[in-house]
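# Structure at a glance
The residues making up each chain are set out below.
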Amino acid sequence: MSNILAISAGLSQPSSTRLLTDRLAAAARGEPGAETTVEVVELREHAHDITDNLLTGFANQRLRPVLEQLEAADGLILVSPTFSASYSGLFKSFMDLVEPESVHDKPVLLGATGGTERHSLVLEHALRPLLAYLRAQVVPTAVYAASSDWGNDSDLNQRITRAAGELASAVQRQPAQRKDDPFANPVPFEQLLQETATN
Ligand SMILES: Cc1cc2nc3c(=O)[nH]c(=O)nc-3n(C[C@H](O)[C@H](O)[C@H](O)COP(=O)(O)O)c2cc1C
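Let us look at the structure shown here.

Thresholds applied
Residues numbered from 1 in each chain as written. Predicted model: local features only at pLDDT ≥ 70, side-chain atom pairs only at ≥ 80, totals over all residues. Helix = DSSP H or I, 4+ residues; strand = E, 2+ residues; numbered from the N terminus. Buried ≥ 20, exposed ≤ 12 C-beta atoms within 10 Å, placed from the backbone. Contact = placed C-beta atoms within 7 Å. Near = placed C-beta within 6 Å. Nonpolar A, V, L, I, M, F, W, Y, C, P; charged D, E, K, R; others polar. Expected span 1.5 Å × (residues − 1). Pairing = 2+ DSSP bridges. Core = buried A, V, L, I, M, F, W, Y, C linked by C-beta atoms within 7 Å. Axes fitted to C-alpha atoms, helices over the stretch in contact; angles between N-to-C directions. Parallel < 35°, antiparallel > 145°, perpendicular 65-115°, else oblique. Left-handed = near helix turned anticlockwise from the far one by under 90°.

## Re the overall build of the chain
- Each helix and strand counted, the chain has 8 helices and 7 strands in total.
- For the chain, the spread of C-alpha atoms along the three principal axes comes to 75 × 40 × 25 Å.
- Sorting the 199 residues of the chain into buried and exposed places 35% on the buried side.
- Counted over contacts in the chain with a minimum sequence separation of 6, partners at least 24 positions apart contribute 76%.

See the structure below:
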């Protein structure tokens, strides 16, 4: 059983970014042979927490579980709206809080929404380089949905299905390497004292 965390950085309500995230999540869940749970997180609900973390250097009790979930996930779906021909500020602020080790070698599916199809390369010139910097394993197909795609879904559906299949294969090839819990097997205090005494 693998677990995928899907993150939507949409701001509107209802949000087309959330809609695309849900479609990608459903496709990843439905991949044949893949026993996968997919949970969706909306960054909008954590916008204040993200700012607080940037200002204080600490994740509060609402944001910490999201960062822990991201670290524990076997794969990620990351979807941002296009703002000024790039990812949104909220998306980047969140990614600035992610420890690079949390996503290192992790399979990632990228998605973006936008008003115009002319900005679809935002996936290639903004999102993919960011994840390359973090040394994630980004699957080849990234999915962009412009406003015009929603009325005419068949191409979009094909891209969603192909991208979800690539993510499922990458996750199956590479289950998450879980970090050892540093507090799981503590050295007994007596042993530490004995070692100090004999040194
Ligand atoms: C401040 C701002 C800047 C935007 N810049 C672009 C842009 O450069 N290119 C584009 O295609 N769409 C742009 N859009 C449109 C949004 O990307 C699009 O409406 C997106 O799907 C909104 O996602 P949401 O419904 O999840 O909030 C912009 C929207 C806003 C509010």
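## Concerning the site of the ligand
- Around the ligand, the surrounding shell holds 17 residues, and the nearest of these are Gly10, Ser12, Ser15, Thr17 and Gly114.
- Elements with a contribution of two residues or more to the shell around the ligand: helix H1 (16-29), strand E3 (75-83) and strand E5 (107-114).
- In terms of residue class, the shell around the ligand is built from 4 nonpolar, 12 polar and 1 charged.

## Details of H1
- Along its 14 residues, H1 runs 20 Å from first to last C-alpha, staying within 8% of the 20 Å computed at 1.5 Å per residue.
- As for H1, its buried residues are in contact with strand E1 (2-8), strand E2 (36-42), E3, E5, strand E7 (143-146) and helix H7 (154-173).

## A closer look at unusual backbone geometry
- The residue after Gln13, namely Pro14, is reached through a cis peptide bond having omega 0°.
- Mapped onto the fold, Pro14 is located in the loop between E1 and H1.
- Residues other than glycine seldom take positive phi values, yet Ala85 does so here, at roughly 65°.
- Residue classification places Ala85 among the partly exposed residues on the basis of 13 C-beta atoms within 10 Å.
- Phi is positive for Asp105, which is not a glycine, with a value near 70°.
- On the secondary structure map, Asp105 appears in the loop between helix H5 (100-103) and E5.

## Here we look at the environment of Thr82
- Mapped onto the elements of the fold, Thr82 is located in strand E3.
- Linking Thr82 and Glu190, residues 108 residues apart in sequence, is a C-alpha distance of 58 Å.
- With residues up to four places along the chain from it excluded, the contact list for Thr82 reads Ala112, Thr113, Gly114, His119 and Val122.

## Some thoughts on the pairing of E3
- A large share of E3 lies buried, amounting to 8 of its 9 residues.
- Relative to E3, E1 runs parallel, the two sharing 5 bridges. Its bridge partner being in E3, Ser8 is matched across the sheet by Val79.
- Taken together, the 6 bridges between E3 and E5 define a ladder with parallel strand orientation.

## Remarks on the nonpolar core
- In terms of nonpolar packing, the biggest core is built from 47 residues, with Ile4, Ile7, Leu24, Ala28, Leu76, Ile77 and Ala163 touching the most fellow members.
- It is H7 that contributes the most residues to this core, 6 residues altogether.
- When sequence neighbours within four positions are dropped, the list of residues in contact with Ala163 reads Leu24, Leu109, Val139, Thr141, Ala142 and Val143.

## A look at the packing of helix H2 (residues 47-56) against helix H4 (residues 89-97)
- With their axes 10 Å apart at the nearest point, H2 and H4 run at an angle of 50° to one another. Our classification of the angle between H2 and H4 gives oblique. The way H2 lies across H4 gives a crossing that is left-handed. Residues Ala47, Ile50, Asn53 and Leu54 of H2 form the contact with H4, whose participating residues are Leu90, Ser93, Phe94, Asp96 and Leu97.

## Concerning the packing of H1 against H7
- At a minimum axis separation of 8 Å, H1 and H7 run at an interaxial angle of 55°. Between H1 and H7, the interaxial angle falls into the category oblique. Relative to H7, H1 is oriented so that their crossing is right-handed. Between H1 and H7, the residues in contact are Arg23, Leu24, Ala27 and Ala28 and Ile160, Thr161, Ala163, Ala164, Leu167 and Ala168, respectively.
- Among the residues forming the contact of H1 with H7, the class breakdown is 8 nonpolar, 1 polar and 1 charged.

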